[in-house]
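Residues per chain are reported as follows:
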Amino acid sequence: MLLRFPARAALACLVLAGSVPCAHAETASWYGSGHRTANGEQFAPDGLTAAHRTLPFGTRVRVTYGGRSVVVRINDRGPFIAGRAIDLSRGAARAIGLSGVGRVHLAIL
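Residues numbered from 1 in each chain as written. Predicted model: local features only at pLDDT ≥ 70, side-chain atom pairs only at ≥ 80, totals over all residues. Heavy atoms only, no water.

### Quick word on the pattern of salt bridges
Now for step 1: Taken as a whole and judged by the stated rule, the model has three salt bridges.
Now for step 2: Between Asp46 and Arg90 there is a salt bridge, and its shortest N-O distance comes to 3.2 Å. Placement of Asp46 in the loop between β1 (23-31) and β2 (49-52) and of Arg90 in helix α2 (residues 90-96) is noted, with a sequence separation of 44 residues between them.
Now for step 3: Between Arg94 and Asp46 there is a salt bridge whose closest N-O contact spans 3.9 Å. Taken together, the residues span a long stretch of sequence, with Arg94 in helix α2 and Asp46 in the loop between β1 and β2 at a distance of 48 residues. Here the two residues Arg94 and Asp46 agree in accessibility, since each one is exposed.
Now for step 4: Each of Asp46, Arg90 and Arg94 takes part in salt bridges that share partners, so that together they form one network. (Salt bridge = Lys/Arg side-chain N within 4 Å of Asp/Glu carboxyl O. Helix = DSSP H or I, 4+ residues; strand = E, 2+ residues; numbered from the N terminus. Buried < 20%, exposed > 50% of the residue type's maximum accessible area, 1.4 Å probe, protein only.)

### Some thoughts on the nonpolar core
Now for step 1: One finds Val61, Val63, Val72, Ile86 and Leu88 to be the most contacted residues of the largest nonpolar core, which totals 17 residues.
Now for step 2: Residue assignment for this core shows that the elements contributing at least two residues are β3 (60-65), β4 (68-76), β5 (86-89), α2 and β6 (102-108).
Now for step 3: What Leu88 contacts, discounting residues up to four positions off in sequence, is Ser29, Trp30, Tyr31, Thr49, Ala50, Val63, Val72, Ala93, Ile96 and Leu98. (Core = buried A, V, L, I, M, F, W, Y, C linked by side-chain atoms within 4.5 Å. Contact = heavy atoms within 4.5 Å.)

Here it is as structure tokens:
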């Protein structure tokens, strides 16, 4: 099945998560400020969390960049810039060495 949109790819990964590992390359960025996340939590810039437009809150995602990976929990909505699929907290970005915008591999756990 050919998936052309990140939202469709994310949905397919959720459906397949129980039986087949699912990973795809996406563009990521990071953010370090905010007061509350979309799920109501206090934002923790140094935490291992991320914002995604469509994945359910609480979804765990392995993000790999430059041979380093980190597992993040989706607790916010975004990114709100076209072409980006995930916004990592500052702590998660530091853990994998992402200092700006980069191409990452996402795997829903």
